[in-house]
Amino acid sequence: MATSTESVDLVGDEAARNLARAALFAALVGAFAYVTFPNPVSPVSVTLQVLGVFLAGIFLGPVWGAASIVLYLAAGALGAPVFQGGSAGVGQLVGQSAGYLWSYPLAAAVVGAVVHRSATPRDLDAVGVPTLVGAMVLGTVVIYAFGVAGLALVLSLGPVEAVTVGAAAFLPAEALKIAAAVGIVRSDAIAAN
Amino acid sequence: MTLAYVPGDSFAHRIDPRSKLLVQAGFAAAAYAYTTPRGLAVLTLLAVGCLRLAGGGARDLWGYRFAAPVLVLAPLVAGATLGEPWFRLDRAADTALASYRILLILVVAAGYVRSTPVRDSRAAIQRTVPGKPGRFLGVGVGLVFRFLPLLKRDLLTAREAVRARGGEALPVRDRMRLVAVAGINRAFARADRLGTALNARCFAWNPTLPRLAFGRGDYPALAVGGGLLLAAAVAVAP
Amino acid sequence: MIDVDGVTCRYESGGSDGSGGVTAVDDVSLAIPDGEFLVVAGANGSGKTTLVRTFNGLATPDAGTVTVNGTPVAADLVAARTAVGMVFQDPRDQLVASTVGADVAFGPENLGLAHAEIDRRVADALAAVNMTGREDDRVETLSGGERERVAIAGALAMHPDHLVLDEPFTGLDEPARRSVVDRLRALHREGTSVIVVTHDLRDVLGLADRVVGLSNGRVAVDAPPADALAELPGLDVRVPASPLADGADADS
Amino acid sequence: MIDVDGVTCRYESGGSDGSGGVTAVDDVSLAIPDGEFLVVAGANGSGKTTLVRTFNGLATPDAGTVTVNGTPVAADLVAARTAVGMVFQDPRDQLVASTVGADVAFGPENLGLAHAEIDRRVADALAAVNMTGREDDRVETLSGGERERVAIAGALAMHPDHLVLDEPFTGLDEPARRSVVDRLRALHREGTSVIVVTHDLRDVLGLADRVVGLSNGRVAVDAPPADALAELPGLDVRVPASPLADGADADS
Ligand SMILES: Nc1ncnc2c1ncn2[C@@H]1O[C@H](COP(=O)(O)OP(=O)(O)OP(=O)(O)O)[C@@H](O)[C@H]1O
Ligand SMILES: Nc1ncnc2c1ncn2[C@@H]1O[C@H](COP(=O)(O)OP(=O)(O)OP(=O)(O)O)[C@@H](O)[C@H]1O
Ligand SMILES: O=C(O)CCCC[C@@H]1SC[C@@H]2NC(=O)N[C@@H]21
Ligand SMILES: [Mg+2]
Ligand SMILES: [Mg+2]
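Small disclaimer: the values here were computed from a predicted structure and weren't measured.

Cut-offs applied
Residues numbered from 1 in each chain as written. Chains lettered and ligands numbered in written order. Predicted model: local features only at pLDDT ≥ 70, side-chain atom pairs only at ≥ 80, totals over all residues. Heavy atoms only, no water. Near = heavy atom within 4 Å. Polar contact = N/O pair within 3.5 Å; in protein donor to acceptor, adjacent residues only side chain to side chain. Areas by Shrake-Rupley, 256 points an atom, 1.4 Å probe, with all protein chains shown as cover. Helix = DSSP H or I, 4+ residues; strand = E, 2+ residues; numbered from the N terminus. Nonpolar A, V, L, I, M, F, W, Y, C, P; charged D, E, K, R; others polar. Pairing = 2+ DSSP bridges. Contact = heavy atoms within 4.5 Å. Buried area = accessible area lost by both parts, 1.4 Å probe. Salt bridge = Lys/Arg side-chain N within 4 Å of Asp/Glu carboxyl O. Core = buried A, V, L, I, M, F, W, Y, C linked by side-chain atoms within 4.5 Å. Buried < 20%, exposed > 50% of the residue type's maximum accessible area, 1.4 Å probe, protein only. Domains from an automatic or database assignment. Donors = N, O, S within 2.8 Å, 3.2 Å for Na, K, Ca; no water. Axes fitted to C-alpha atoms, helices over the stretch in contact; angles between N-to-C directions. UniProt positions renumbered as here; feature names shortened; annotations may be inferred. Phe/Tyr/Trp six-rings, centres within 6.5 Å; stacked < 30°, edge-to-face > 60°. Lys NZ or Arg CZ within 6 Å of the ring centre and 35° of its normal.

K.L.:
Which parts of the structure should I look at to understand the site of ligand 1?
P.N.:
As a matter of local geometry, ligand 1 sits amid 21 residues, with K48(C), T49(C), T50(C), T141(D) and S143(D) nearest to it. Bordering ligand 1 are residues originating from chains C and D. In the model, an oxygen atom of ligand 1 is placed 2.7 Å from a nitrogen or oxygen of the K48(C) side chain. Here an oxygen atom of ligand 1 sits 2.7 Å away from a polar atom, N or O, in the main chain of T141(D).

Structure follows, in structure tokens:
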């Protein structure tokens with residue numbers, strides 16, 4: 001009745017927990033992709049995905065934060081409705097928002113690295129608000145650098161045109177997301193550690 | 001509504017997910033290599049064919065409506081100039097073609113999504129990417145699919161719990177904070193509990209790999225995918 | 001008074017028949033007079049939870065209406081939610097604050113009560129579930145049964161006109177169960193309507209004025225306990241067994 | 001054989017006494033021979049869940065050791081996790097896949113079994129909990145009791161030497177409960193040790209070879225059912241009541 005167990009290569013408890021959390025944040029970014037707001041200055045709507053990317057870096061650190069976003073991209077490519085407005089498929093990864101999407105893992109890593117100053121996360125209580133904001137501003141820079149470059153490449157736009165379509169319309173909303181992330185991190189009710 | 005797997009028995013439903021992924025990769029490469037009116041005309045036929053073979057139709061594209069504004073706006077912005085002649089048709093046309101090729105790629109992707117269950121997609125990853133990275137991606141993607149409805153539910157029940165106890169009286173800002181914080185807290189707790197469950201259930205790096213096998217229908221699909229990749233390579237080769 | 005009139009609830013995504021949908025509640029009509037002690041019984045998946053969630057608008061009927069104290073739930077959600085207190089089947093879904101005391105106080109605070117009154121209600125509700133002195137415990141450190149008790153306390157502290165409890169006894173140990181039963185009996189005596197959802201009638205049959213048995217989303221039994229008793233086992237509901245069978249029946 | 005030797009488990013963050021810590025399991029020693037049907041009983045918070053979680057390394061003792069089939073759990077987690085199957089107190093915590101069939105197959109897949117064997121085990125386990133034909137249901141659409149059953153099926157499919165079930169009957173309706181009880185009895189007969197955690201002995205007393213009663217993390221009773229019966233109510237554990245009291249006791 002007992003199964004032979006010699007060959008079973010168990011995933012460590014720590015790794016399993018990290019994997020579960022990574023998948024969780026991937027799903028969170030996906031859930032945030034549903035939350036779309038009309039954009040007052042452009043027909044392109046604003047989503048909360050970036051907030052999820054920030055939170056992944058902040059809560060999971062650079063390594064697992066980035067891994068989490070890689071899972072997000074993989075799940076989306078394979079049909080999970082986690083991209084903008086609940087869309088899915090490989091097409092998005094080479095489409096107009098490809099630059100943004102591919103930047104997310106890097107952005108999460110950057111945010112995580114600035115916040116935690118090492119590969120492993122540290123206690124968030126020890127992190128000041130300026131560090132948090134600084135990390136996310138840097139993350140935003142990464143996202144927009146890739147995003148705008150992606151637009152220019154994919155849609156054959158000039159640099160100014162790409163910024164017009166892809167950055168000018170969004171940037172004000174990013175400030176709100178950064179503020180929201182700070183609010184969530186600073187809330188004493190979050191029990192995660 | 002949103003694009004998702006639809007059970008069915010179309011040609012695309014019956015073939016291996018790896019063949020379908022190859023077709024998508026080939027199609028995207030070709031669309032980038034042949035962004036000309038004639039190239040895109042041929043690819044249009046192919047894209048519509050792919051979606052039809054997956055039992056899909058125009059309805060499935062509704063899921064991509066959020067892409068539409070950018071795709072429409074981009075040619076206008078590209079054409080616009082600050083001085084004479086105010087609008088340059090040639091620039092606009094270039095970008096319009098680029099926009100259109102994205103649309104085609106999305107059409108093909110829609111065919112994959114509607115004809116491929118999660119199980120198969122996971123199997124494709126685990127059988128294509130070797131070792132621990134493959135396992136990480138395979139299980140991770142499975143968990144994302146598992147978490148997505150839970151998370152929506154957690155956010156929803158956090159809202160319900162607040163409401164069920166008279167939280168409507170609170171200002172919107174407080175309510176949003178409560179729901180966000182309670183929702184994220186729940187999600188965290190849930191992730192940790194599921195992590196524990198994975199361990200309790202002997203979560204291993206080397207499980208039985210999911211069943212997948214190429215069948216007869218896969219040969220044409222693999223040929224089309226490979227052909228497209230080849231065509232793209234020819235176009236970019238110096 | 002809760003008045004359920006021809007209510008049907010469907011889930012589009014559920015169901016095992018491939019049709020991609022399931023009718024969880026099917027044309028249910030039911031009047032629950034003020035002050036009644038009602039037990040809603042039925043097998044797993046018979047629609048109990050879905051039905052009671054329509055009472056305060058947590059589930060929205062696809063057809064039919066629910067009226068609470070004369071006002072349709074859909075017309076005034078706030079009124080329905082203050083009038084109908086609810087203990088969810090899974091207590092974890094219910095707790096919104098990070099400590100026991102803060103969680104029980106959450107509802108009364110939302111009602112805008114004075115601090116003294118809030119404190120009184122919290123102390124009272126915690127006493128009713130044998131959790132006095134645990135105000136400062138963090139909710140994520142509670143054991144299963146303790147969590148259930150805090151969820152019940154949170155609903156009690158609202159002093160609702162109608163109190164709905166979805167399988168409230170499952171995790172409770174004997175003193176806690178007794179204490180909750182006593183409190184429900186007292187509330188009932190004072191005029192609150194109490195609605196208990198369960199598939200095991202052994203603990204509540206003696207309290208009930210009336211039993212509604214659901215089967216596949218439909219009302220199959222609606223009668224006083226004595227009359228319902230015979231039909232309930234047919235609905236896969238557990239009833240107090242004959243003397244010898246109890247406890248031993250698992251072994252028979 | 002599971003051998004618990006002087007096990008103590010503390011939580012640093014819990015506790016209501018302000019000391020910021022709670023001793024959930026306090027110097028427990030216990031030997032569970034192969035093939036025994038053991039019931040672990042105790043009030044809410046008495047440490048039942050924490051204790052059984054040490055059996056496969058989900059909780060790590062602060063002092064003492066747990067040995068499974070001769071090997072300390074800490075020394076060989078794979079052995080402990082394949083030998084000890086566990087059904088959690090909250091089934092929602094246990095389901096890791098999106099569909100019923102995929103979830104039950106998860107454990108066997110991790111054992112590296114052949115597809116045919118996996119299919120056989122899944123079908124068999126689902127049949128044992130009356131869920132045959134529900135393979136393709138999405139887990140988030142299941143009702144509370146249905147989820148509980150899938151969790152049990154997932155543990156059964158592992159064919160463990162020792163099966164631990166933490167309050168397994170709470171959400172189950174009568175046919176499902178009966179079916180699970182039958183399966184446990186059969187497993188027991190075939191030589192699997194079965195460990196059921198509960199605070200309500202009414203449904204399992206007849207099956208048990210032995211009852212261990214916990215109180216404040218310590219073993220207060222350790223005896224065959226007949227002998228334990230008298231002491232258990234003192235531990236706030238529910239026992240089969242006298243004929244008249246059952247069902248009616250809530251009303252007394
Ligand atoms: N969110 C959902 N999506 C789809 N189907 C659902 C959902 N919730 C419940 N169902 C289905 O609706 C039916 C009724 O579910 P409900 O939760 O009301 O049952 P219940 O009587 O409370 O059962 P239990 O005793 O197991 O708690 C079940 O068949 C269930 O599978
Ligand atoms: N994660 C935790 N952190 C801190 N304290 C905890 C934690 N989990 C449990 N406790 C505490 O440890 C004690 C024992 O908890 P345990 O869950 O083992 O009890 P139990 O006997 O299973 O109770 P129940 O019947 O309510 O499920 C309780 O006092 C509980 O509050
Ligand atoms: O899911 C996708 O298809 C990617 C959408 C990218 C949206 C970008 S991210 C930065 C900027 N801020 C927003 O709110 N949206 C854009
Ligand atoms: Mg229910
Ligand atoms: Mg417990």
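What follows continues from the structure just given.
K.L.:
Just checking my understanding: could you explain the site of ligand 2 for this structure?
P.N.:
In the vicinity of ligand 2, 21 residues are found, and the nearest of them are S143(C), G145(C), K48(D), T49(D) and T50(D). With respect to ligand 2, its neighbouring residues span chains C and D. A distance of 2.6 Å is found between an oxygen atom of ligand 2 and a side-chain nitrogen or oxygen belonging to S143(C). The separation between an oxygen atom of ligand 2 and a polar side-chain atom of Q89(D) is 2.8 Å. Burial of ligand 2 by the protein chains amounts to 88% of its free accessible area of 640 Å². The set of elements that each furnish at least two residues to the shell around ligand 2 consists of α5 (144-156) of chain C together with β2 (22-32) and α1 (48-53) of chain D. Of the residues that constitute the shell around ligand 2, the class distribution is 4 nonpolar, 13 polar and 4 charged.

K.L.:
What exactly am I supposed to notice about the sheet that holds strand β2 (residues 22-32) of chain C here?
P.N.:
The strands making up a sheet associate through backbone hydrogen bonding, with each pair oriented either parallel or antiparallel. Residue and element names in this part refer to chain C. Sheet architecture is open: 4 strands sit in the order β2-β1-β4-β5, paired in antiparallel fashion. Each having just a single partner strand, β2 and β5 (71-72) make up the two edges of the open sheet. The pairing of strand β1 (residues 2-11) with strand β4 (residues 63-68) spans 5 bridges and is antiparallel. The residue bridging I2 from the neighbouring strand is V68, located in β4.

K.L.:
Mind showing me how you'd approach the interface of chain B and chain A here?
P.N.:
Size of an interface: often given as the accessible area lost when the parts come together. Taken together, the contact pairs 59 residues of chain B with 67 residues of chain A. Carbon and sulfur atoms make up 75% of the area that chain B and chain A hide from each other, which totals about 5400 Å². On the chain B side of the contact with chain A, F66(B), F136(B) and F188(B) bury the most area, a combined 13% of that side's loss. In this structure, the connection of chain B to chain A is made through 3 salt bridges. For E161(A), the salt bridge is made with R91(B), and the minimal N-O distance between the two is 2.8 Å. On the surface where chain B and chain A come into contact, there are 12 residue pairs in polar contact (both at pLDDT 80 or more).

K.L.:
Got a minute to help me understand the nonpolar core in this structure?
P.N.:
Within soluble globular proteins, side chains that are nonpolar generally end up buried alongside one another. Core analysis: the biggest nonpolar cluster contains 153 residues, and L55(A), L71(A), Y72(A), L155(A) and F55(D) have the highest contact counts within it. In terms of residues, this core owes the most to one element, helix α2 (residues 49-77) of chain A, which gives 17 residues. Taken domain by domain, this core gets at least three of its residues from each of domain 1 (11-119 + 216-236) and domain 2 (124-200) of chain B. In this structure L71(A) touches L19(A), A22(A), A23(A), A26(A), F136(B), L137(B), G140(B), V141(B) and V144(B), once residues within four positions along its chain are discounted. In this structure, V180(D), V181(D), A228(D) and V237(D) belong to the second largest nonpolar core, which totals 56 residues.

K.L.:
I tried to follow the coordination of the magnesium ion (ligand 4) on my own but got confused; where do I start?
P.N.:
Ideal geometry at a metal gives 109.5 degrees between four tetrahedral donors and either 90 or 180 degrees between six octahedral ones. All names here are of chain C. Taken together, the protein ligands of the magnesium ion (ligand 4) are T49 (OG1) and Q89 (OE1), with distances of 1.9 to 2.2 Å. Placement of T49 in helix α1 (residues 48-53) and of Q89 in the loop between β6 (84-87) and α3 (100-110) is noted, with a sequence separation of 40 residues between them. A relative accessible area of 26% means that Q89 is categorised as partly exposed.

K.L.:
Would you mind showing me how to read the sheet that holds strand β7 (residues 162-166) of chain D here?
P.N.:
All names here are of chain D. Within the open sheet, the 6 strands sit side by side as β6-β7-β8-β3-β9-β10. Their pairing is mixed. The open sheet is flanked by β6 (84-87) and β10 (218-223), the only strands paired with a single partner. Adjacent strand axes in the sheet meet at a mean angle of 15°, parallel and antiparallel pairs treated alike. Pairing of strand β3 (residues 37-42) with strand β9 (residues 210-215), which is carried by 5 bridges, proceeds in the parallel orientation. Bridging across to β9, G42 finds its partner in L214. Strands β6 and β7 of the sheet are contacted by helix α5 (residues 144-156), whose axis makes an angle of about 175° with β6.

K.L.:
It is not clear to me how the UniProt feature "transmembrane region" (unreviewed entry) in chain B should be interpreted in this structure. Could you clarify?
P.N.:
Residues and elements named next belong to chain B. Those places that UniProt annotates as "transmembrane region" (unreviewed entry) correspond, in this numbering, to residues 31-54, 66-83 and 95-113. The span residues 31-54 is 83% helix and 0% strand, and its two end C-alpha atoms sit 20 Å from each other. Its end C-alpha atoms 31 Å apart, residues 66-83 is made of 67% helix and 0% strand.

K.L.:
In this structure, what is going on with the packing of aromatic side chains? I would like to understand it.
P.N.:
Going through the model one piece at a time under the given rule, you end up with 7 aromatic pairs over all chains. Judged by centre distance (6.1 Å) and plane angle (85°), the ring pair of Y100(A) and Y144(A) falls under edge-to-face. Here the residue Y100(A) occupies a position in helix α4 (residues 98-116), and Y144(A) occupies one in helix α5 (residues 129-154), the gap between them amounting to 44 residues. No difference in accessibility class separates Y100(A) from Y144(A), as the two residues are buried. Taken together, the aromatic side chains of Y72(A), F83(A) and Y104(A) make up a single cluster linked through ring pairs. The lysine or arginine in question, R53(C), covers the ring of F88(C), its NZ or CZ lying 5.5 Å from the ring centre.

K.L.:
Would you mind showing me how to read the pairing of β4(C) here?
P.N.:
Taken residue by residue, a regular strand's side chains alternate between the two faces of the sheet. All names here are of chain C. By the bridge criterion, 2 bridges tie β4 to β5 in an arrangement that is antiparallel. Paired with T67 across the strands is P72, a residue of β5. Connecting the antiparallel pair β4 and β5 is a turn made up of 2 residues, with N69 showing a positive phi of about 45°.

K.L.:
Teacher, can you tell me more about the domain arrangement of chain B here?
P.N.:
All names here are of chain B. You can read the domains of chain B as domain 1 (11-119 + 216-236) and domain 2 (124-200). Together, the buried faces of domain 1 and domain 2 total about 330 Å²; carbon and sulfur atoms form 80% of this surface. When the area that domain 1 buries against domain 2 is broken down by residue, the three leading residues are P17, R18 and V118, summing to 87%. At the junction of domain 1 and domain 2, the tally comes to 0 residue pairs in polar contact (both at pLDDT 80 or more). A per-element tally of the side of domain 1 that touches domain 2 places helix α2 (residues 17-33) first, with 3 residues. Its residues assigned to classes, the side of domain 1 that touches domain 2 comprises 3 nonpolar, no polar and 1 charged.

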